[in-house]
Amino acid sequence: MSKQMSAIEAKYEAQKIAFAPFYFHATIALKELGILDCISKNRRGVLLKEIVDETGLSIYGIKILLEAGIAANLLEENEEGYLFLTSVGQFIRSDRMTEVNLNFTKDVCYSGLASLKDSIVNGKPEGLKVFGNWPTVYQGLSELPKKVKKSWFEFDHFYSDDAFPYALDIVFSENVGQLFDVGGNTGKWAKACCEFDKNVKVKILDLPGQLNVAKDNIINEQYADRVSYHEIDLLDDQQYIPEGAGVVWMSQFLDCFGAHEILSILKRVYEAIDNNARVYILEPFWNNQRFPASRFCLVGTSMYFTCIANGNSKMYHSEEMKEMVVDTGFEVLDTFELIGDSYHTLLKLRKRQ
Ligand SMILES: C[S@@+](CC[C@H](N)C(=O)[O-])C[C@H]1O[C@@H](n2cnc3c(N)ncnc32)[C@H](O)[C@@H]1O
């Protein structure tokens with residue numbers, strides 16, 4: 001955004017922040033009460049009365065939300081009183097990425113975010129207390145309320161899913177043999193690997209709660225015998241990564257840790273592998289985005305890590321990550337930027353020779 005703003009514009013921008021929670025919830029209400037759907041149904045636009053008839057809501061309630069929608073540039077009203085969705089309103093109504101982000105903010109983050117300042121001061125995810133007394137969200141992930149869990153997983157998967165097909169081509173362009181999926185979560189990447197290469201063996205390393213979910217998802221697949229599981233808490237620096245990996249894969253994993261923890265994890269990866277093994281890091285680096293919207297979302301996501309996830313991790317700048325990689329004895333062999341339609345960069349590493 002231009003820094004050359006008039007005082008009137010700047011004051012307006014400041015008020016958008018001051019009232020942001022009101023407009024956020026008005027947007028959710030417009031969507032979930034079916035008002036956006038109702039307005040989008042007719043190309044000639046829709047009158048207030050038609051919305052009242054279709055939704056059964058009060059004129060008062062609908063007026064409150066319509067006025068908010070117009071102020072937030074989701075809706076427009078013409079001189080005859082017909083209402084239309086703007087292009088912003090269209091994205092709010094039907095764009096999948098916007099939906100995933102809205103649900104994540106609403107269900108996972110909103111209540112806890114009020115503790116952001118305390119989280120910064122205390123270096124702890126104070127907002128996580130809304131859900132339970134775990135040290136990080138990862139210990140509690142499998143126990144979160146159903147709706148919260150759904151929004152968490154949809155947010156996590158929405159972004160990495162798009163990157164996986166392109167990453168498979170890159171990773172399997174060389175012989176893999178045994179792949180370790182560190183932070184393998186529900187087993188999506190492990191499944192994709194087994195379906196892509198009929199010889200590969202995959203070991204998923206994760207906390208027990210997630211490993212159980214991965215096992216349930218894989219147990220009935222015909223390649224189930226090619227997948228093994230290794231329970232590990234990598235926050236405990238006495239827990240070592242086993243030997244034997246031809247490829248170590250870490251997707252949207254290192255951003256779950258603070259810098260000193262990443263250094264400790266990378267050191268343990270370094271100790272576990274031989275000189276020929278390859279290490280891949282897949283991350284949506286905030287500096288390496290094609291659109292301002294994606295940078296905005298990633299920088300915002302860092303506050304989820306501060307307040308809800310663990311109090312000390314973030315979405316990283318690619319150079320921050322590369323520095324940590326080099327500091328632990330690796331060299332970056334290749335950087336595959338923004339592969340496919342995704343927001344991700346794939347770093348390919350090996351031990352410095
Ligand atoms: C954001 S998810 C990424 C999942 C998946 N790799 C992807 O790309 O969608 C992070 C994963 O790291 C795991 N994780 C977080 N903290 C961990 C720890 N201390 N030890 C082992 N795994 C951990 C979580 O359980 C989760 O499965």
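What comes next is a walk through the structure.

Criteria and thresholds
- Residues numbered from 1 in each chain as written.
- Predicted model: local features only at pLDDT ≥ 70, side-chain atom pairs only at ≥ 80, totals over all residues.
- Helix = DSSP H or I, 4+ residues; strand = E, 2+ residues; numbered from the N terminus.
- Buried ≥ 20, exposed ≤ 12 C-beta atoms within 10 Å, placed from the backbone.
- Contact = placed C-beta atoms within 7 Å.
- Near = placed C-beta within 6 Å.
- Nonpolar A, V, L, I, M, F, W, Y, C, P; charged D, E, K, R; others polar.
- Pairing = 2+ DSSP bridges.
- Axes fitted to C-alpha atoms, helices over the stretch in contact; angles between N-to-C directions.
- Expected span 1.5 Å × (residues − 1).
- Arc of directions from axis to C-beta.

## Quick notes on the overall build of the chain
Then, in step 1: When you go through the chain residue by residue, the secondary structure sums to 15 helices and nine strands.
Then, in step 2: Counting only C-alpha atoms and orienting by the principal axes, one finds that the chain spans roughly 70 × 50 × 40 Å.
Then, in step 3: Residue burial in the chain is summarised as follows: out of 353 residues, 34% are buried.
Then, in step 4: Of the contacts formed within the chain by residues at least 6 apart in sequence, a portion of 67% connects residues at least 24 apart.

## Looking at the site of the ligand
Then, in step 1: Looking at the ligand, there are 17 residues lining it, with Tyr138, Ser160, Gly183, Asn185 and Ser251 nearest.
Then, in step 2: For the shell around the ligand, the residue count by class is seven nonpolar, seven polar and three charged.

## A few points about the sheet that holds strand E5 (residues 227–231)
Then, in step 1: As summarised here, the arrangement of the seven strands in space is E5-E4-E3-E6-E7-E9-E8, forming an open sheet in which the pairing is mixed. The open sheet has two edge strands with one neighbour each: E5 and strand E8 (330–337). Across the sheet, the mean angle from the axis of one strand to that of its neighbour is 20°, orientation sign disregarded.
Then, in step 2: Of the strands in this sheet, strand E6 (247–251), strand E7 (278–283), E8 and strand E9 (345–351) are in contact with helix H10 (residues 146–171), which crosses E7 at around 155°.
Then, in step 3: Along the sheet, helix H15 (residues 318–327) contacts E7, E8 and E9; its crossing angle with E8, the most-contacted strand, is approximately 155°.

## A few points about helix H5 (residues 59–71)
Then, in step 1: Compared with an ideal rise of 1.5 Å per residue, which puts 13 residues at 18 Å, H5 spans 18 Å between its outermost C-alpha atoms and is within 8% of the ideal.
Then, in step 2: Inspection of H5 places Leu65, Leu66 and Gly69 among the buried residues, and these make up the whole buried set. In an axial view of H5, the angular spread of the buried residues amounts to 100°, which keeps them on one side of the axis.
Then, in step 3: Buried residues belonging to H5 abut helix H2 (20–32), helix H3 (35–40), strand E1 (75–77) and strand E2 (83–85).
Then, in step 4: Within two residues after H5, Asn73 carries a phi angle of roughly 70°, on the positive side.

## A look at the environment of Gly183
Then, in step 1: Mapped onto the fold, Gly183 is located in the loop between strand E3 (178–182) and helix H11 (188–196).
Then, in step 2: Ignoring anything within four residues of it in the chain, the contact list for Gly183 reads Asp206, Met250, Phe253 and Cys256.

## Remarks on unusual backbone geometry
Note: most residues except glycine have negative phi, and most peptide bonds are trans.
Then, in step 1: Located in the positive-phi region is Asn73, a residue other than glycine, with phi close to 70°.
Then, in step 2: Position of Asn73 among the secondary structure elements: in the loop between H5 and E1.
Then, in step 3: Even without being a glycine, Asn185 presents a positive backbone phi close to 55°.
Then, in step 4: Within the secondary structure layout, Asn185 lies in the loop between E3 and H11.
Then, in step 5: Looking at Asn185, the number of C-beta atoms within 10 Å reads 25, which means it is buried.

Remember, this is a structural readout, not a statement about activity or role.
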